[in-house]
Amino acid sequence: MTRYTHGQHPTVTDSYRWRDAANSAGYALAEMTPGRSLLDIGCGPGTITVDLAARVAPGRVVALDSSPEAVELARATAEKEGVGGIEFRVGDVHALDLPDASFDVVHAHQVLQHVADPVRALAEMRRVTAPGGVVSACDSDYSGMYWYPRLPELDAWMDLYQRVARRNGGEPDAGRRMSAWARAAGFTEVTYAAEVWDHSSPERRAWWGGMWSRRVLESDLARQAVEEGHATRADLERISAGWAAWSRDPDAVFVIPRGTVLCRG
């Protein structure tokens, strides 16, 4: 496994709680039918998992993450939402400790951009998928993101993130590679589609800009950037101020493209 660039700081995990099945797995919802078994890889704090579990109930649901902290957050989310029957596991997507042909649906949201070998990860997901089942995966594409106004501080943020993520062994521009990775993993039927997250409304802008103005100072990304010589603390302070300025601009937009695949065969 690579080192997870974002880490488990509350500025990271709290931001993930915005995600649910509708805004993050729309391309796959038709596959989430009652009674199907589901493996959710990279469950994070579990908000998507809980939504998907309700859709496939009474099917078996396993939520897996490489981080024990994330698994505990997901467990707490399920308990808070009153959703039972989910099995929580710590595991490595490169070597799933699960039998062949175990699940009807294997889902991975924002996972492949962070792993050392996305093709091997997809091959493992394929191995544990039952005949007639499907692997659904979605990842953002950092170089495809666009924003306005084009503040130099946000350009510096993008450059910094790309350098740190690649140093950690990840691929920040995963979204455009999803279909190629899936075919290399042995899938014979791959359906690619693009979705976007739009953080441009006043409410979304205030949340997104405020979150990143803190995350770039407080998360593992900030610590790694300074420790590895990618940025100084003063650099991070400037980027943080840029995010705050962006969030206050009434004309500001920020759009995140996401590549999705449904894989069979």
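Coordinates for the structure precede this section.
Cut-off values and rules
Residues numbered from 1 in each chain as written. Predicted model: local features only at pLDDT ≥ 70, side-chain atom pairs only at ≥ 80, totals over all residues. Heavy atoms only, no water. Phe/Tyr/Trp six-rings, centres within 6.5 Å; stacked < 30°, edge-to-face > 60°. Helix = DSSP H or I, 4+ residues; strand = E, 2+ residues; numbered from the N terminus. Buried < 20%, exposed > 50% of the residue type's maximum accessible area, 1.4 Å probe, protein only. Lys NZ or Arg CZ within 6 Å of the ring centre and 35° of its normal. Pairing = 2+ DSSP bridges. Salt bridge = Lys/Arg side-chain N within 4 Å of Asp/Glu carboxyl O. Lys, Arg positive; Asp, Glu negative; His and termini not counted. Contact = heavy atoms within 4.5 Å. Arc of directions from axis to C-beta. Polar contact = N/O pair within 3.5 Å; in protein donor to acceptor, adjacent residues only side chain to side chain.

Details of the packing of aromatic side chains
- The tally for this structure, following the rule as stated, stands at 17 aromatic pairs.
- Between Y142 and Y161, the ring centres sit 4.2 Å apart and the planes meet at 15°, which makes this aromatic pair stacked. Here Y161 lies in helix α6 (residues 152-167) and Y142 lies in the loop between β5 (129-140) and β6 (146-148), a separation of 19 residues in the sequence. We note that Y142, like Y161, is buried.
- By the ring-pair criterion, three or more aromatic residues cluster together here, those being W18, Y142, W147, W157, Y161, W197, W207, W208, W212, W243, W246 and F254.
- The lysine or arginine in question, R150, covers the ring of W147, its NZ or CZ lying 4.3 Å from the ring centre.
- Of note, R215 hangs over the ring of W212, and the distance from its end group to the ring centre comes to 4.3 Å.

Topic: the pairing of strand β8 (residues 253-264)
- Counting buried positions along β8 yields 10 of 12 residues, so the element is predominantly enclosed.
- Pairing of β5 with β8, which is carried by six bridges, proceeds in the antiparallel orientation. Residue S136 lies in a different strand from β8, and its bridge partner there is L262.
- The pairing of β6 with β8 spans three bridges and is antiparallel. Opposite W147, over in β8, you have F254 as the bridge partner.
- Judged from the 10 bridges that link them, strand β7 (residues 189-198) and β8 form a sheet pairing that is antiparallel.

With respect to the pattern of salt bridges
- Inspection of the entire model under this criterion finds 19 salt bridges.
- A salt bridge links E237 to R233; the nearest nitrogen and oxygen atoms lie 3.6 Å apart. Here E237 and its partner R233 are both found in helix α10 (residues 233-248), four residues apart, which amounts to about one turn of the helix.
- The partly exposed category is assigned to E237, whose relative accessible area is 39%.
- Put simply, E31, R36, E189 and R264 are held in one network by salt bridges that share partners.

Observations regarding the side chain of R19
- For R19, the location among the structural elements is in the loop between α1 (10-16) and α2 (21-24).
- Buried and unpaired, R19 has no salt bridge, with D139 as the nearest side chain of opposite charge at 8.7 Å.
- If we ignore the near neighbours within four places in the chain, the residues touching R19 are S24, T47, I48, H109, Q110 and W197.

Remarks on helix α5 (residues 118-127)
- Listing the buried residues of α5 in full gives P118, A121, L122, E124 and M125. Buried residues of α5 fall within an arc of 155° about the axis and therefore sit on the same side.
- Close packing links the buried residues of α5 with β1 (38-41), β4 (103-109), β5 and α7 (178-184).

Looking at the side chain of R36
- Tracing the backbone shows R36 in the loop between α2 and β1.
- Separated by 3.0 Å, the side chains of R36 and E31 make a polar contact.
- Once residues within four sequence positions are removed from consideration, R36 is found in contact with E31, V56, G59, R60, D104, V105, G132, G133 and V134.

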